[in-house]
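# Residue-level structure breakdown
The residues making up each chain are set out below.
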Amino acid sequence: MKHYLIKTYGCQMNVHESEKLAGMLKSLGYNETNNAEQADIIVFNTCCIRDSAEQKVLGNIGAVKKLKKQNPNLIIAVCGCMAQENGRKELFQEKYKHVNIVFGTHNLHNFKEYILNFEKSKKNIYDIWEKEVEINENVEMYRTSNNNAWVNIMYGCNNFCTYCIVPYVRGRERSRTIEDITAEVKTLVNEGYKTITLLGQNVNSYGNDFSDETNFAKLLRTLCSLKGDFKIKFMTSHPKDLTDEVINVIATEPKMSKVIHLPVQSGSNRILKLMNRNYTVEHYLELIKKIKQQVPNYFISTDIIVGFPTETEEDFMATYNLVKEVNYGGVFGFIYSKRTGTIAEKMDGQVSDEIKHDRVNRLLKLSKQIIKEQNLALVGTVNEALVESKTENEYLATLDNGKNVILQTSENIKIPSFVNVRVNSIDRNKLICSLVK
Ligand code: 5AD
Ligand code: SF4
């Protein structure tokens with residue numbers, strides 16, 4: 001029996017793409033293992049969004065070299081965003097010769113072919129495609145998530161935020177058809193998945209590459225009309241493209257999750273302009289107002305970058321105050337990382353590491369405080385929860401917004417299923433709940 005180990009770095013997009021890599025490996029007769037020493041193939045599905053992500057991947061790729069001594073037949077493959085980055089192919093050719101297969105984001109569907117070719121020729125394969133190709137709908141998949149299923153609705157990004165490397169390594173936007181997405185979601189619902197998470201770099205521009213009226217709101221309405229007991233989530237949304245129509249679908253469709261991840265990146269208009277985000281703080285706050293007025297039980301989270309070139313204490317405080325004002329349920333705070341080939345790479349006014357760390361820590365402290373207050377405010381309220389597993393004397397569940405629930409009940413509850421729970425107390429970040437009938 002041959003075994004595979006896939007190491008995934010970065011975002012949900014990569015997590016899902018690893019499910020496709022696993023599907024292809026399974027169809028070649030490989031079985032999953034967690035033990036690198038037992039593996040016949042190790043795949044690194046990489047990320048390059050920040051330098052720290054890359055350094056981690058490179059360190060781990062270097063570390064598996066010694067395994068080849070024990071098992072000379074071990075195949076090592078590297079794919080994903082870092083493999084696609086300019087100059088990386090040469091790096092692997094010259095410095096990481098123990099890596100046998102290197103392929104990029106546009107040719108993931110060829111993985112099986114690469115393995116078979118390498119097994120035959122024993123010659124390292126380096127295949128990075130410069131340009132995106134038509135979406136390949138025939139990739140096998142091995143889903144590793146239990147109740148949640150990821151579904152790609154589009155690939156690539158056209159936005160070119162000045163700090164971001166994604167448009168360079170994932171190409172231009174390409175949407176899957178409503179028919180293909182609907183067919184996949186229908187199958188998943190029939191298989192029992194309770195949460196369907198739609199994936200795209202900027203889901204709000206779904207359908208912009210079609211010549212008809214297809215847009216994200218229409219896709220959501222179509223999916224909500226499917227029969228079954230499930231919820232639809234999505235990530236990520238760009239504030240410049242979030243339409244009233246989409247807010248309306250989220251507000252009115254019971255099958256829509258009320259979680260909206262709306263990355264603001266900065267609370268300073270000057271920095272937003274330098275970032276090429278194409279919206280102002282005022283526009284962003286207008287969207288937040290609409291969400292708060294229209295969406296029942298809304299949960300808003302965000303991404304923020306601190307220390308973008310030229311960011312002053314005043315700019316940072318504008319971000320800090322925005323976080324307070326919006327009262328986010330979750331803040332993903334990142335330290336700006338210079339990425340080769342992006343527009344911001346060449347900007348003057350780089351901020352020192354010390355200041356960046358200080359700002360991100362202040363932001364995360366604030367966010368923690370807000371979350372604590374929000375959790376306390378949940379005590380006494382009734383919420384819908386998805387029951388996912390059982391321990392000896394309690395059930396483990398999650399709220400729509402991902403908060404962990406400990407459900408204490410003597411009733412027998414089907415797993416998975418949606419139930420209503422009352423929050424009785426908070427234990428660290430866990431909600432201790434009882435069943436409401
Ligand atoms: N440095 C730091 N954070 C970044 N992000 C994207 N590019 C960079 C970068 N160069 C963050 C953004 C984005 C999230 C996925 O990663 O906040 O929303
Ligand atoms: Fe990067 Fe901006 Fe595209 Fe998001 S929208 S992937 S931050 S370029």
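First things first, this report covers the structure right here in the doc. (Residues numbered from 1 in each chain as written. Chains lettered and ligands numbered in written order. Predicted model: local features only at pLDDT ≥ 70, side-chain atom pairs only at ≥ 80, totals over all residues. Heavy atoms only, no water.)

What follows concerns the site of ligand 1. Around ligand 1, the structure places Ile49, Arg50, Tyr163, Gln265, Asp303, Ile305, Phe334, Ile335, Tyr336, Ser337 and Arg339. At a separation of 2.7 Å, an oxygen atom of ligand 1 approaches a polar side-chain atom of Gln265. Separating a nitrogen atom of ligand 1 from a backbone N or O atom of Ser337 is a distance of 2.8 Å. When grouped by side-chain class, the residues that make up the shell around ligand 1 number six nonpolar, two polar and three charged. (Near = heavy atom within 4 Å. Polar contact = N/O pair within 3.5 Å; in protein donor to acceptor, adjacent residues only side chain to side chain. Nonpolar A, V, L, I, M, F, W, Y, C, P; charged D, E, K, R; others polar.)

Our next topic: the site of ligand 2. Surveying the vicinity of ligand 2 reveals the residues Cys157, Asn159, Phe160, Cys161, Tyr163, Cys164, Val166, Pro167, Gln201, His238 and Arg277. Here the residues of the shell around ligand 2 are counted per class, giving seven nonpolar, three polar and one charged.

Bringing the side chain of Arg174 into the picture now. One can find Arg174 in strand E9 (residues 174-175). Although buried, Arg174 forms no salt bridge, and the nearest oppositely charged side chain, Glu132, lies 5.0 Å from it. A distance of 2.7 Å separates a polar atom in the side chain of Arg174 from the backbone oxygen of Arg170. Those residues within four positions of Arg174 in sequence are excluded, and the remaining contacts are His106, Glu132, Val133, Ile135, Ile153, Met154, Tyr155, Gly156 and Asp209. (Helix = DSSP H or I, 4+ residues; strand = E, 2+ residues; numbered from the N terminus. Buried < 20%, exposed > 50% of the residue type's maximum accessible area, 1.4 Å probe, protein only. Lys, Arg positive; Asp, Glu negative; His and termini not counted. Salt bridge = Lys/Arg side-chain N within 4 Å of Asp/Glu carboxyl O. Contact = heavy atoms within 4.5 Å.)

Once that is clear, we can look at the nonpolar core. Counting 68 residues, the largest nonpolar core has Ile153, Ile196, Leu198, Phe216, Leu219 and Tyr328 as its most contacted members. Leaving out residues up to four positions away in the same chain, Ile196 has contacts with Asn148, Ala149, Val151, Val185, Leu188, Val189, Phe230, Lys231, Ile232 and Lys233. Counting 25 residues, the second largest nonpolar core, distinct from the first, contains Tyr9, Val57, Leu58 and Ile61. (Core = buried A, V, L, I, M, F, W, Y, C linked by side-chain atoms within 4.5 Å.)

Moving on: unusual backbone geometry. Peptide bonds are, in most cases, trans, and in most cases residues other than glycine have a negative phi. Thr236 follows Met235 through a cis peptide bond whose omega is 5°. Take Thr236: it is sitting in the loop between strand E11 (231-235) and helix H10 (244-252). The linkage connecting Ile415 with the following residue, Pro416, adopts the cis geometry, with an omega of -5°. Of note, Pro416 is situated in the loop between strand E17 (404-408) and strand E18 (417-427).

These values are about where atoms sit, not about what they do.
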